[in-house]
Amino acid sequence: MLGTDFFMELSNRGIQPSIQRAKILEFLWKERIHPTADDIFDHLHHEIPTLSRTTVYNTVKLFTEHNILQPLVIEDKEIRYDIDTSLHGHFKCESCGNIFDFKADNEGSAGIRELEGFQIRERHIYFKGLCSSCSNLK
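These notes cover the structure that comes with them.

Rules behind the numbers
Residues numbered from 1 in each chain as written. Predicted model: local features only at pLDDT ≥ 70, side-chain atom pairs only at ≥ 80, totals over all residues. Heavy atoms only, no water. 1 Å grid on protein atoms, 1.4 Å probe; cavity = no way out; pocket = protein on both sides within 12 Å on 5 of 7 lines; lining within 4 Å. Points joined across faces, edges and corners; volume = space filled by probe spheres on them. Helix = DSSP H or I, 4+ residues; strand = E, 2+ residues; numbered from the N terminus. Core = buried A, V, L, I, M, F, W, Y, C linked by side-chain atoms within 4.5 Å. Buried < 20%, exposed > 50% of the residue type's maximum accessible area, 1.4 Å probe, protein only. Contact = heavy atoms within 4.5 Å.

**Re empty space enclosed by the protein**
Under the defined criterion, the tally for this structure stands at one cavity of 30 Å³ or more. Volume-wise, the largest cavity comes out at about 40 Å³. Residue lining of the largest cavity: Gln70, Leu72, His88, His90, Arg123, His124, Ile125 and Tyr126, and that is the complete set. When contributions to the lining of the largest cavity are tallied by element, the ones reaching two or more residues are β1 (70-75) and β3 (88-93).

**Description of the nonpolar core**
The nonpolar side chains of a soluble globular protein tend to be buried with one another. Membership of the largest hydrophobic core comes to 22 residues, with the highest contact counts inside it found for Ile24, Leu28, Ile40 and Phe63. Elements with a minimum of two residues in this core: α1 (6-12), α2 (19-31), α3 (37-44) and α4 (53-65). Looking at this core element by element, the count peaks at five residues for α2. Apart from the residues within four sequence positions on either side, Ile24 is in contact with Ile40, Leu44, Leu51, Val56, Thr59 and Phe63.

Structure (structure tokens):
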């Protein structure tokens, strides 16, 4: 998807590039930690002192609208963001809070007879439990 030119990637996606947007995109692309908007702000505000939480929230909304990010709502009051917009699932560890990606089949909900004739626009696969590291601690 991306090279190292985050300004060009934004332009190619129809988004007016800015230093803040490019840095947010770079962070999301390099870190792959399924952050919240506040996590993004916390990681970048030391590097970009002019960055505001409002800018981060507006940027993740813009990136979501342009299909650069997909929001993950695994917990009721927490939205995390994933730069990988391909079809895949997520596992959230109830102990450490980390979110892990896993491959999902391509058939998905198209194989459910009860949904024949429906137009499916979104599909989410979430599991919760203990990751292998936390399971070994219990």
